[in-house]
Amino acid sequence: MKAEKLEKLKQIADVCTKCKLSTTRTKVVFGEGNPEAELLFIGEGPGRQEDITGRPFVGKAGELLTRLIEKAMGVPRSSVYIANIAKCRPTEDLKMEKDRAPDPEEVAACSPYLLQQIEIIQPKVIVTLGNPSTKFLLKTQDGITKLRGVWADYNGIPVMPTYHPSYVIRNGGENSKVQQDVWNDLLKVMEKLNWKPKVKITWK
Ligand code: URA
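Before we go on, may I ask you to explain the overall build of the protein chain in this structure?
Along the backbone of the protein chain there are eight helices and six strands. For 204 residues, the compact-globule estimate of 2.2 N^0.38 gives 17 Å, and the C-alpha radius of gyration of the protein chain, at 16 Å, lies within 12% of that figure. Principal-axis analysis of the C-alpha atoms gives the protein chain an extent of 45 × 40 × 30 Å. Residues counted as buried form 51% of the 204 residues belonging to the protein chain. Considering only contacts in the protein chain between residues 6 or more positions apart, those separated by 24 or more positions represent 69%. For the protein chain, the accessible surface area stands at approximately 9,900 Å², while carbon and sulfur atoms represent 53% of it. Here the protein chain carries 32 positive and 25 negative side-chain charges, and the mean point of each set is 3 Å from the other.

Encoded structure:
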């Protein structure tokens, strides 16, 4: 059973000390959602709210991602699965103030959890949000601006790279060109999954 396998993995991750982020975290943010999900979103790493609650994408970026999933794609957030490469919050100088992307050592220590999550869930489609998860999964040095919107592949699973919600917020948020780009990418995902858009969204 996928749910049981994920729970076992979560129990291991919850006490992980493989990298320095374990010394500053409040909670491990393993990921959440439907173990049988057709769609898996992969972000970068927990921020402040995520570290406190132990849940992925519950801060500002999470609100935007949740709106995209529920209002635009028209499915409950709980029907997809949401995970990150780093399960503990990476911050500058480990001061738990300013967030940063996970460094290569942290990615090396933590990414096996993500790879096992993919292995267990076997989603039909993966959406990578932003540079770190895209570069890691697709083993590329190309940036997200070049890669977004174009189907890629991870071990036979179609991967759609798109901008990270935080990037959307920093670049105009709702109604921006960047948001429109993300929505266009998600429309491709819905098409691949045979999901019908329930609402007609025009961001402009
Ligand atoms: N940003 C991420 O990449 N992941 C989270 O869980 C929250 C913000």
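Now that the structure has been shown, we can carry on.
Can you help me understand the site of the ligand in this one?
Around the ligand, the neighbouring residues are Gly43, Glu44, Gly45, Glu50, Pro56, Phe57, Asn84 and His164. Here an oxygen atom of the ligand sits 2.9 Å away from a polar atom, N or O, in the main chain of Phe57. Between the ligand and His164, the relevant distance is 2.8 Å, taken from an oxygen atom to a side-chain nitrogen or oxygen of the residue. Taken by itself the ligand offers 230 Å² of open surface, and the protein chains cover 92% of this. More than half of the atoms belonging to the ligand lie within 2 Å of the grid points that define the largest pocket. Classifying every residue of the shell around the ligand gives two nonpolar, four polar and two charged.

What's the story with the pattern of salt bridges in this structure? I'm lost.
It is possible for side chains of opposite charge to pair when their charged atoms get near one another. For the structure on display, the rule yields 17 salt bridges. Residue Arg55 pairs with Glu32 through a salt bridge whose shortest N-O separation is 2.9 Å. Highlighted residues: Arg55 in the loop between α2 (48-53) and α3 (60-72) and Glu32 in strand β1 (residues 32-33), separated in sequence by 23 residues. Salt bridges sharing common partners tie together Lys20, Arg100, Asp103, Glu105 and Glu106.

Looking at this structure, how should I read the sheet that holds strand β5 (residues 152-154)?
Hydrogen bonds between backbone atoms are what pair the strands of a sheet, whose relative direction is either parallel or antiparallel. The strand order across the open sheet formed by six strands is β1-β3-β2-β4-β6-β5, and the pairing between neighbours is mixed. Whereas interior strands pair on both sides, the edge strands pair on one side only; in this sheet they are β1 and β5. Of the pairings in the sheet, the one linking strand β2 (residues 39-43) to strand β4 (residues 125-129) comprises four bridges and is parallel in character. Residue pairing for β4: Leu40 is matched across the bridge by Ile126. Those strands touched by helix α4 (residues 104-121) are β2, β3 (81-84), β4, β5 and β6 (157-162), and its axis lies near 160 degrees from that of β3. Helix α8 (residues 177-193) rests against β2, β4 and β6 of the sheet, and its axis sits at about 165 degrees to β6.

Parameters at a glance
- Residues numbered from 1 in each chain as written.
- Predicted model: local features only at pLDDT ≥ 70, side-chain atom pairs only at ≥ 80, totals over all residues.
- Heavy atoms only, no water.
- Helix = DSSP H or I, 4+ residues; strand = E, 2+ residues; numbered from the N terminus.
- Rg over C-alpha atoms; globule rule 2.2 N^0.38 Å.
- Buried < 20%, exposed > 50% of the residue type's maximum accessible area, 1.4 Å probe, protein only.
- Contact = heavy atoms within 4.5 Å.
- Areas by Shrake-Rupley, 256 points an atom, 1.4 Å probe, with all protein chains shown as cover.
- Lys, Arg positive; Asp, Glu negative; His and termini not counted.
- Charge placed at Lys NZ, Arg CZ, Asp CG, Glu CD.
- Near = heavy atom within 4 Å.
- Polar contact = N/O pair within 3.5 Å; in protein donor to acceptor, adjacent residues only side chain to side chain.
- 1 Å grid on protein atoms, 1.4 Å probe; cavity = no way out; pocket = protein on both sides within 12 Å on 5 of 7 lines; lining within 4 Å.
- Sits in = over half its atoms within 2 Å of the grid points.
- Nonpolar A, V, L, I, M, F, W, Y, C, P; charged D, E, K, R; others polar.
- Salt bridge = Lys/Arg side-chain N within 4 Å of Asp/Glu carboxyl O.
- Pairing = 2+ DSSP bridges.
- Axes fitted to C-alpha atoms, helices over the stretch in contact; angles between N-to-C directions.

Honestly, it's all geometry; don't read function into it.
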